[in-house]
Amino acid sequence: MPVQGARARRDQIVHLATTTGLASVEELSRTFGVTASTIRRDLAQLTADGRLARTYGGAMALVAHPEASLRQRTGEAFEAKRAIARWAASAIRTGETVLLDAGSTVGALAHELRTAEELTVATTGLTALQELADVESVRVECLGGTLRPLSQSFLGPLAEAALERMTFDRVFLGADGVTAEHGICEADLRQTRLKELMARRAERVYVLAHAAKVGRRPFHTWIRLPPGWTLVTDSGSDEAEIRALRAGGVEVEIVDAATSRRTAEE
């Protein structure tokens, strides 16, 4: 992805370091089609300008990637999230007990479940609670805990204690990023711990993440994505990352947002 001009290239380097974490000289050299010495000069200038911090063999953003609020994320990739939610809803059977994480894509799944019959839904997310609060055919259980305003989710010891008293047929997890190498990326260590506990209490585990999150690593806290779990994403996902996930034993379901939209309209 060659970028014309040093200024434009340096802006892109800052963007990559901010959105993906660490940026190595070798990776940047390949990405921009320039020599390693050119990249080192770019990093030296960006460090002098106070835009990056040098590390051994590369650079990193001075400020951690800013976490978008749930309200900000709700409108992103709307069609893809809706298609993923529809697929996830179709996997749920009448009479099951399911656990919903927080997040905008899982919130879209909760919306799809408004027409469900004889279903029990437990959740850590305010969005799911709001979507299902007036649905008489769905029994709703709130795990409780400490409210994290940015993600509109409950976490902490009270949520963890509630999990110990329940088991689930399926759990649907959200993610800030997903990679074959590291797993599921989150902004907060408490969130990664809670997701691990949620997964342990369910027979089937699904991760709902639209294409822009596949291969993305905006933060530095992780939960493993082991063989047997299912990633549900859309057709815009990076093909190399999908191949690597499948090679590691992760089941991957790819939905087509355009087809899903046409089907819904019909």
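Thresholds applied
- Residues numbered from 1 in each chain as written.
- Predicted model: local features only at pLDDT ≥ 70, side-chain atom pairs only at ≥ 80, totals over all residues.
- Heavy atoms only, no water.
- Helix = DSSP H or I, 4+ residues; strand = E, 2+ residues; numbered from the N terminus.
- Buried < 20%, exposed > 50% of the residue type's maximum accessible area, 1.4 Å probe, protein only.
- Contact = heavy atoms within 4.5 Å.
- Areas by Shrake-Rupley, 256 points an atom, 1.4 Å probe, with all protein chains shown as cover.
- Arc of directions from axis to C-beta.
- Polar contact = N/O pair within 3.5 Å; in protein donor to acceptor, adjacent residues only side chain to side chain.
- Phe/Tyr/Trp six-rings, centres within 6.5 Å; stacked < 30°, edge-to-face > 60°.
- Pairing = 2+ DSSP bridges.
- Axes fitted to C-alpha atoms, helices over the stretch in contact; angles between N-to-C directions.
- pLDDT = per-residue confidence, 0-100.

Colleague: Help me out: how do you make sense of the overall build of the protein in this one?
Modeller: The secondary structure content of the protein amounts to 11 helices and 15 strands. Relative to its full complement of 266 residues, the protein shows a buried share of 49%. For the protein, contacts bridging at least 24 residues in sequence account for 60% of all contacts bridging at least 6. About 13,100 Å² of surface is accessible on the protein, with carbon and sulfur atoms providing 49% of the total.

Colleague: Mind showing me how you'd approach helix α10 (residues 239-247) here?
Modeller: Residues separated by three or four positions in an α-helix point in the same direction, a consequence of the helix having 3.6 residues per turn. Of all the positions in α10, only Glu241, Ile242 and Leu245 are classed as buried. Buried residues in α10, looked at end-on, bunch into an arc of 100°, giving them a common side. Turned more than 90 degrees away from the buried face of α10, the exposed residues are Glu239, Arg243 and Ala247. Its buried side turned inward, α10 meets β10 (177-179), β14 (230-234) and β15 (251-255). Of the residues that open α10, the one with a side-chain oxygen 3.2 Å from the backbone nitrogen of Ala240 is Asp238. Immediately beyond the C-terminal end of α10, within one or two residues, lies Gly249, with a positive phi of roughly 95°.

Colleague: Explain the side chain of Glu96 here, please?
Modeller: Along the chain, Glu96 falls in the loop between α5 (78-91) and β4 (97-100). In this structure, Glu96 is in contact with Ala91, Glu118, Leu119, Thr120, Asp169 and Arg170, ignoring residues within four places of it in sequence.

Colleague: Before we go on, may I ask you to explain the packing of aromatic side chains in this structure?
Modeller: Within a pair of aromatic rings, the relevant descriptors are the distance that separates the centres and the angle that separates the planes. All chains considered together, the criterion is met by two aromatic pairs. Relative to Tyr206, the ring of Phe172 lies with its centre 4.8 Å away and its plane at 15°, an arrangement referred to as stacked. Highlighted residues: Phe172 in strand β9 (residues 168-173) and Tyr206 in strand β12 (residues 202-208), separated in sequence by 34 residues. Of the two residues examined, Phe172 and Tyr206, each falls in the buried class. Ring pairing ties together the aromatic residues Trp87, Phe172 and Tyr206, which thus form one cluster.

Colleague: Would you explain the sheet that holds strand β11 (residues 183-186) in this entry?
Modeller: With respect to topology, three strands assemble into an open sheet ordered β10-β11-β13, the strand pairing being antiparallel. Each edge of the open sheet is held by one strand with a lone partner, namely β10 and β13 (221-223). Across the sheet, the axes of successive neighbouring strands diverge by a mean angle of 30°, strand direction being ignored. Two strands pair when backbone bridges link them, and β10 and β11 are joined in this way by three bridges, in the antiparallel orientation. Residue pairing in the sheet places Val178 in a bridge with Ile184 of β11. Contacts between helix α9 (residues 189-200) and the sheet are confined to β11 and β13, with β13 contributing the most and set at about 5° to the helix.

Colleague: Looking at this structure, I do not really get the confidence of the model for the protein. What am I missing?
Modeller: Close inspection of predicted coordinates is inappropriate in any region flagged by low pLDDT. When the pLDDT values of the protein are averaged, the result is 86; 83% of them are 70 or greater. The low-confidence segment residues 262-266, where pLDDT is below 50, has one contact with residues more than four positions distant or belonging to other chains.

Colleague: Got a minute to help me understand the sheet that holds β14 in this structure?
Modeller: The strands making up a sheet associate through backbone hydrogen bonding, with each pair oriented either parallel or antiparallel. What the seven strands build is an open sheet, ordered β6-β5-β4-β9-β12-β14-β15; its pairing is parallel. At either end of the open sheet lies a strand with only one pairing partner, and these are β6 (138-142) and β15. Averaged over all pairs of adjacent strands, the angle between strand axes in this sheet comes to 20°, irrespective of strand direction. Where β4 meets strand β5 (residues 119-123), four bridges bridge the pair, whose relative direction is parallel. Bridged to Val98 within β5 is Val121.

Colleague: I would appreciate a short explanation of the pairing of β12 in the present structure.
Modeller: Here β12 lies mainly inside the structure; five of its seven residues are buried. Here three bridges tie β12 to β14, and the two strands are oriented parallel to one another. By the bridge assignment, Val207 is partnered in β14 with Leu231.

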